[in-house]
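The residues making up each chain are set out below.
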Amino acid sequence: KVAFLVTLMLMGVSTFAIGLLPTYAQIGIAAPILLLVCRLLQGLALGGEYGGAATYVAEHSPTDRRGFYTSFIQTTATLGLFISLGVILLVQTSMSPEAFKEWGWRLPFLLSIVLIVFSYFIRRKLAESPLFAKAKSEGKVATNPLKESFLNPENRRWVIIALVGATAGQGVVWYTGQFYALYYLQNVFKIPLDVSSMIVAVALLLATPFFIVFGSLSDRVGRKHLILGGCALGAIAWLPIYQAMVGVSGWNPATPDVAAVNPNVVALSLLIFLQVLFVTMVYGPIAAYLVEMFPTRVRYTSMSLPYHIGNGVFGGLVPLIGTAAVAQTGNIYAGLWYPIIVAVLTVILGWRLLPDKRGVDLSE
C-alpha cells in the first residue's frame, strides 16, 4: 500500500510538472534536462506501479481465475495510449495549430492532476493483500528483497529465465504492434498526426477486449503456450503485414519524401489491429505468469525486473533500432528484423526453459 502511494505521487508530480516546464528559449539547456528528469521519474514510478498492481490483484484472485483478473491490468497500457491519443486529438482540434505548438500541448499533462486526486483517495482505502498480511504477521517478509531476488542463485535463475523466455519477446511484440506502427504511419507514410492517431486509436479500441479473452483463456490452456504463440505469430506475420500497409497507405516508395495520398484508413486500422491482437495474446497472460514464478516474500521485486527490462530495454529499443536500421540500409522493412530476431529467440528459449505454473499456490 505504501509503495502504491509513493509511485502514484511520483508519477503524478512528474507528469504535471512536464506541463509547467519552461522552454529552451527561457532557460536554455536546463529545459531538456528537466524534461529528462521528469521522464526518468515517470519511468521509476511505472517500475513500482506494474509489479505492485499485478501482485496485488493476483493475490486477491481465485486460483483458477488468476489470468482473467490480472488481464484487466493488462488492458490499462493500451487503454492509456488510446485515451492519450483521444485527449491529444481533442485538444489539438479545439485550437489553432500555432496555439497547440505554443502552449496547448501542455494541457494533457496538466489535466492528469484530476486522475491523480481520484487515485490517491482510492488507494488510501486499500488493504494489504491477504498473502502479504499473513507473511508479515508470520515474520516471513523479506528484509532485503533486492538481495534475495538477485543474489540468491535459484531465484536469480528464474529472473533470467523470465526475461529471456517471456518478457523480452513480449516487449518487442508490444512495441512493434503499437508504437512502431504509429511511427510508420507518421514518419514513413507521412500521414498527418490527426489521421494516424485515429487509425491507431481505432485498432487499439477494437483489440483491447482480447487482453481479457487471452487472460481468461490462459486459465484453461496455460499461459506459456499463448505467450510464445503470440511471439511466433508476430515474427512470422510482421513483414507481410507491413508490406500490406505500404500497399494500402497511398504512399509511393519511389518518392519517399512525398506524403501518402488518400490512405485507406479502414485497411490500415485492420492491419494494425492484427498486430495489436498479437500484443493481447502475449501481454494478456504475462502478469499472472510472472506472479506465479516467484514466492510471496520477493514476488513484487522479482517479477518487476524481468518485466521492465523486457519492455523498457528490449521493447523500448524497437523504434530506435528500427529507425537506425532503415536509415542505414535504405530498406523501409529493415527495422523489423530486430523484433523478429528477439521474438524468435524468446520462442526457442521459452519453449525449452519456461515451466507452466498455472494454478500454483501463491502462499508457498
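Residues numbered from 1 in each chain as written. Predicted model: local features only at pLDDT ≥ 70, side-chain atom pairs only at ≥ 80, totals over all residues. Heavy atoms only, no water.

*Asks:* What is the right way to look at the side chain of R223 in this model?
*Replies:* Counting through the fold element by element, R223 comes out in the loop between α11 (209-221) and α12 (224-248). Here R223 is in contact with R66, G67, G215, S218, P285, A288, Y289, E292, D356, R358 and G359, once residues within four sequence places are set aside. (Helix = DSSP H or I, 4+ residues; strand = E, 2+ residues; numbered from the N terminus. Contact = heavy atoms within 4.5 Å.)

*Asks:* Would you mind showing me how to read the packing of aromatic side chains here?
*Replies:* Both the distance between ring centres and the angle between the ring planes are used here to describe each pair of aromatic rings. Scanning the entire structure with this criterion turns up 17 aromatic pairs. Residues Y180 and Y183 carry aromatic rings whose centres are separated by 5.6 Å and whose planes lie at 20° to one another, so their mutual orientation is stacked. Within this pair, Y180 and its partner Y183 are both found in helix α9 (residues 153-188), separated by 3 residues, close to a single helical turn. Judged by its relative accessible area of 1%, Y180 is buried. Taken together, a centroid distance of 5.4 Å and an interplanar angle of 90° make the contact between Y184 and F189 edge-to-face. (Phe/Tyr/Trp six-rings, centres within 6.5 Å; stacked < 30°, edge-to-face > 60°. Buried < 20%, exposed > 50% of the residue type's maximum accessible area, 1.4 Å probe, protein only.)

*Asks:* Sorry if this is basic, but what is going on with the pattern of salt bridges here?
*Replies:* For side chains of opposite charge, pairing can occur when their charged atoms come near one another. Within the structure shown, the criterion is met by 3 salt bridges. Between E292 and R223 there is a salt bridge, and its shortest N-O distance comes to 2.9 Å. Within this pair, whereas E292 is found in helix α14 (residues 286-293), its partner R223 is found in the loop between α11 and α12, the two being separated by 69 residues in sequence. The buried category is assigned to R223, whose relative accessible area is 0%. One network of salt bridges, in which partners are shared, links R66, D219, R223 and E292. (Salt bridge = Lys/Arg side-chain N within 4 Å of Asp/Glu carboxyl O.)

*Asks:* Mind showing me how you'd approach α12 here?
*Replies:* Owing to its 3.6 residues per turn, the α-helix aligns residues three or four sequence positions apart on the same side. Between the first and last C-alpha of α12 there are 35 Å, a value that for 25 residues agrees with the 36 Å anticipated at 1.5 Å per step. Bending of α12 peaks at approximately 45° at the position of A237, with proline P240 no more than four residues after it. (Expected span 1.5 Å × (residues − 1). Bend = angle between axes of the 7 residues up to and from the residue.)

*Asks:* I would appreciate a short explanation of the side chain of T208 in the present structure.
*Replies:* Structurally, T208 can be placed in the loop between α10 (193-207) and α11. Taking the relative accessible area as the measure of exposure, T208 reaches 8% and is therefore buried. Among all residues touching T208, those that are not within four sequence positions of it are T75, T78 and L79.

*Asks:* Explanation requested: unusual backbone geometry in the structure shown.
*Replies:* For K190, which is not glycine, the phi torsion reads 60° and is therefore positive. Inspection of the secondary structure assignment puts K190 in the loop between α9 and α10. Overall, the relative accessible area of 29% leaves K190 in the partly exposed class. One non-glycine residue, N262, lies in positive phi territory at about 50°. For N262, a relative accessible area of 70% translates into the label exposed.

*Asks:* Got a minute to help me understand the packing of α9 against helix α17 (residues 337-353) in this structure?
*Replies:* Relative placement of two packed helices is described by the angle separating their axes and the distance separating the axes. Viewed as axis vectors pointing N to C, α9 and α17 meet at an angle of 145°, and their least axial separation amounts to 8 Å. Handedness of the crossing formed by α9 with α17: left-handed. Contacts from W158, I161, V164, G165, A166, A168, G169, V172 and T176 in α9 reach Y338, P339, V342, A343, L345, T346, L349, G350 and L353 in α17. (Axes fitted to C-alpha atoms, helices over the stretch in contact; angles between N-to-C directions. Left-handed = near helix turned anticlockwise from the far one by under 90°.)

Worth remembering: the numbers are spatial, not functional.
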